[in-house]
Structure formats: structure tokens, C-alpha cells
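Structural overview for review
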Amino acid sequence: MSVHVLAAQTAVLVVVSLAILYPVVAYARTLLHTEAVVMLAASVLVFTAGSVFEEGLGMTTVSEGTYLLSCLCFAGSVWLFAREFVRLGEPSFDADDAPTAGEFERSPGGQGFAGATEGEDGE
């Protein structure tokens, strides 16, 4: 790989990392999952370092370790994004939990949505 291609690749990866970090800096108070976004940007920066180690310096073993660290950072960011939706120890949704055939057909009392009867059409 030529020096120019490596420099361009490194520049693009650094710009992508900074673009990922921009919402954290600009909107830190209103951004959800701030830690996850920072970890995702760190993953891209560590990947960039691994690329420089491998292609620029020829350090294959060091670059493989750096790529592993990048993968761990990415896995950490995925966990930080998904941890609210993961429930350990709770039973999963099963076919046995499905509603019966007529359970959702009509609400109790013969009323439809929001207490309106079928004769009322909003007039």
C-alpha cells in the first residue's frame, strides 16, 4: 500500500471518528447513550491505529492485538446501546403466552376505542 493511500485512509478514519464524537460534544445534555457513542468512536480510532501499525509500520502482531481491542470496544458500545433491552433471568415470550382468539376482539362493556360506542362517529 502506498504512503498516499495509507495517509488518505487514516485521514478518512479519523474524520469518521470525529464525526461520531460530534454529537457528544455538541449535544451532551440531550444525547442518549453518550457512553456508547464515545465507545463507538474509540473503536474506530483504535481500528485506525491498528491500520497504521499494520500497513505503515509493518507490525503485524501489534496490529492484530490492536484490532482485537477495537473489536472489544465495538462490543462494549453495542452492549451499552442494548443493555436496556436485555432482561436476564426473565422468561422469554413464548407461544403459550399468546392471547386467546377472542381476547382482543372487543373491550369489556361493548365500548370501542377510548370509550366510544360504535354509533358515535365524532359529530
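Further up the page is the structure itself.
A brief look at the structure comes next. Quick caveat: nothing in here was measured; it's all calculated off a predicted structure. (Residues numbered from 1 in each chain as written. Predicted model: local features only at pLDDT ≥ 70, side-chain atom pairs only at ≥ 80, totals over all residues. Heavy atoms only, no water.)

**Observations regarding the overall build of the protein chain**
When helices and strands are tallied, the protein chain shows 3 helices and 0 strands. Helices (α) and strands (β) of the protein chain occur, in sequence order from the N terminus, as α-α-α. Taken over 123 residues, the protein chain has a buried fraction of 17%. Total accessible area computed for the protein chain in this model is approximately 9200 Å², and 66% of it derives from carbon and sulfur atoms. (Helix = DSSP H or I, 4+ residues; strand = E, 2+ residues; numbered from the N terminus. Buried < 20%, exposed > 50% of the residue type's maximum accessible area, 1.4 Å probe, protein only. Areas by Shrake-Rupley, 256 points an atom, 1.4 Å probe, with all protein chains shown as cover.)

**As for the packing of aromatic side chains**
In total, this model carries 2 aromatic pairs according to the counting rule given. Ring geometry for Y22 against Y27: centres 6.2 Å apart, planes inclined by 90 degrees, an arrangement best described as edge-to-face. Where F47 meets Y67, the ring centres are 5.3 Å apart and the plane angle is 35 degrees; that geometry is what we call tilted. Taken together, the positions of F47 in helix α2 (residues 34-56) and Y67 in helix α3 (residues 60-82) put the pair 20 residues apart, joining distant regions of the chain. (Phe/Tyr/Trp six-rings, centres within 6.5 Å; stacked < 30°, edge-to-face > 60°.)

**Quick look at the environment of P23**
Along the chain, P23 turns up in helix α1 (residues 3-26). C-alpha of P23 to C-alpha of T34: the two residues are 11 residues apart in sequence and 8.7 Å apart in space. Those residues in contact with P23 that lie beyond four places of it in its chain are A28 and L31. (Contact = heavy atoms within 4.5 Å.)

**Structural notes on the side chain of T48**
On the secondary structure map, T48 appears in helix α2. For T48, a relative accessible area of 5% gives the class buried. In contact with T48, other than residues within four places in its own chain, are T10, L13 and V14.

**Here we look at the packing of α2 against α3**
Direction vectors running N to C along α2 and α3 enclose 165 degrees, while the axes themselves pass 8 Å from each other. Relative to α3, the element α2 lies roughly antiparallel. Of the two possible hands of crossing, α2 and α3 adopt the one that is left-handed. Looking at the contact of α2 with α3, its residues break down into 15 nonpolar, 8 polar and 2 charged. (Axes fitted to C-alpha atoms, helices over the stretch in contact; angles between N-to-C directions. Parallel < 35°, antiparallel > 145°, perpendicular 65-115°, else oblique. Left-handed = near helix turned anticlockwise from the far one by under 90°. Nonpolar A, V, L, I, M, F, W, Y, C, P; charged D, E, K, R; others polar.)

**A word on unusual backbone geometry**
With phi around 60 degrees, H33 is a residue other than glycine that occupies positive phi space. Residue position: H33 is located in the loop between α1 and α2. Residue H33 is classed as partly exposed on the basis of its relative accessible area, which comes to 22%.

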